[in-house]
Amino acid sequence: MMMSFLRAAQGPSLAAQACAPIGVFDSGIGGLSVWRHLRATLPHEDFIYVADNANVPYGDKPEEWIQARMVQMFDWFLAQGCKAIVIACNTATAAAATHLRGVYPDVFIVGLEPAIKPALLLTKNHSIAMLATARTVQSAKYEALLKRTVLPELNMAVLSIPCVGLAERIDAGLMDAPDTLDLIKQYLKPVQAAQADVVVLGCTHYPFVVQHIRALLDKNVQIIDSGAPVARYTKDVLCARHGLNPQQIEGYSRWYASSLSPDSDEHWRILSGQADVRVQQINLERE
Ligand code: DGL
């Protein structure tokens, strides 16, 4: 993150846009786990959160589809005047961040990557496991991350597990359903066999089932995700580019989804920890 911080921090001043909101995107409710860190770290910022849940999961969509959809999404965020866009989705970052940086060279884009670097510092037995969508595990971006970080380390093993079906069950609110627990059990078997002592949650949906993951692992296993470091990074870059919102009151958050259900508000309230959530419909096809 150091190199990318230096590059992002040297971008043009954001002073003129300091009062503008920050866009936060995920394929569904997973990004709310990142939004919680952003809210806590940047209390005076305004946020616009969008879930493209009509199309969740992104994890089994072709890369080209995700790239085209993200361009539509970015155009919408920019039409709302966002000064920064956080792609709170490992899958969309892996598939589209490089493409988006090419299309929008002047936009401050924050991407997410599995927290492999922090895991390398934490592991004591050189055995790390990373859980993510199939799209993230198979991506060139993830392969490059492993090459950059893990390859130079001697005897370091990273077990990357594509957890097909898990994000969509979480997105449907089925965190505690018996077959979700069966799926988690199945995906953790190789983690237990490898005796990994650090487990990286490489999908922003997974923090919402961390209690079930924790229950199946040894007490000494550390479970980490990218939410806190990404929030700090966003704050540091905004600060370096004079883009922090100067308002002294708590910022607002607006909530949008591409598919609404009768219990959307209640579901989002619980996951965001906010009392007054009203999710609005976003229809990119019509905008
Ligand atoms: N939350 C997304 C991530 O971090 C993935 C969910 C999906 O497959 O749409 O990868």
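Quantities reported herein were computed from a predicted structural model and do not represent experimental measurements.

Novice: Outline the sheet that holds strand β10 (residues 279-281), supporting the account with residue identities and numerical values.
Specialist: A sheet is described by the order of its strands in space; here six strands give the open sequence β4-β3-β1-β2-β9-β10, paired in parallel fashion. The sheet terminates laterally at β4 (108-110) and β10, the two strands that pair on one side only. The sheet shows a mean angle of 25 degrees between the axes of neighbouring strands, taken without regard to direction. Bridge analysis of strand β1 (residues 22-26) against strand β2 (residues 47-51) gives five bridges, and the strand direction is parallel. The partner of Asp 26 across the bridge, within β2, is Ala 51. With respect to the sheet, helix α2 (residues 32-41) is in contact with β1, β2, β3 (84-87) and β9 (253-257), its orientation differing from that of β2 by roughly 175 degrees.

Novice: Run through the environment of Ile 128, naming residues and quoting values.
Specialist: Here Ile 128 is to be found in strand β5 (residues 127-132). For Ile 128, the contacting residues outside a window of four places in its chain are Ala 119, Leu 120, Thr 123, Met 156, Ala 157, Val 158, Leu 159, Ala 196, Val 198 and Val 200.

Novice: Kindly report on the sheet that holds strand β6 (residues 157-162), identifying the contributing residues and their values.
Specialist: If you trace the four strands from one edge of the open sheet to the other, you get β6-β5-β7-β8, paired in parallel fashion. At either end of the open sheet lies a strand with only one pairing partner, and these are β6 and β8 (222-224). On average, adjacent strands in this sheet sit at an angle of 20 degrees to one another, irrespective of strand direction. In the packing of helix α9 (residues 178-194) onto the sheet, the strands contacted are β5, β6 and β7 (198-201), and the crossing angle to β6 comes to about 170 degrees.

Novice: Kindly report on the site of the ligand, identifying the contributing residues and their values.
Specialist: Contacts to the ligand come from 14 residues, most closely from Ser 27, Tyr 58, Thr 91, Thr 204 and His 205. Between Asp 26 and the ligand, the recorded distance is 3.0 Å, taken from a side-chain N or O atom to a nitrogen atom. Relative to its unbound accessible area of 300 Å², the ligand is 99% covered by the protein chains.

Novice: Talk me through the packing of α2 against helix α11 (residues 227-240); I want residue IDs and the actual numbers.
Specialist: Relative to each other, α2 and α11 sit at 45 degrees, their axes nearing to 8 Å. Of the possible angle classes, the one that applies to α2 and α11 is oblique. Considering how the two elements wind past one another, α2 and α11 form a crossing that is right-handed. Residue-level inspection shows Val 34, His 37, Leu 38 and Thr 41 of α2 in contact with α11, the latter providing Gly 227, Ala 228, Val 230, Ala 231, Arg 232, Thr 234 and Lys 235. Residue composition of the contact of α2 with α11, by class: five nonpolar, four polar and two charged.

About the criteria used
Residues numbered from 1 in each chain as written. Predicted model: local features only at pLDDT ≥ 70, side-chain atom pairs only at ≥ 80, totals over all residues. Heavy atoms only, no water. Pairing = 2+ DSSP bridges. Helix = DSSP H or I, 4+ residues; strand = E, 2+ residues; numbered from the N terminus. Axes fitted to C-alpha atoms, helices over the stretch in contact; angles between N-to-C directions. Contact = heavy atoms within 4.5 Å. Near = heavy atom within 4 Å. Polar contact = N/O pair within 3.5 Å; in protein donor to acceptor, adjacent residues only side chain to side chain. Areas by Shrake-Rupley, 256 points an atom, 1.4 Å probe, with all protein chains shown as cover. Parallel < 35°, antiparallel > 145°, perpendicular 65-115°, else oblique. Left-handed = near helix turned anticlockwise from the far one by under 90°. Nonpolar A, V, L, I, M, F, W, Y, C, P; charged D, E, K, R; others polar.

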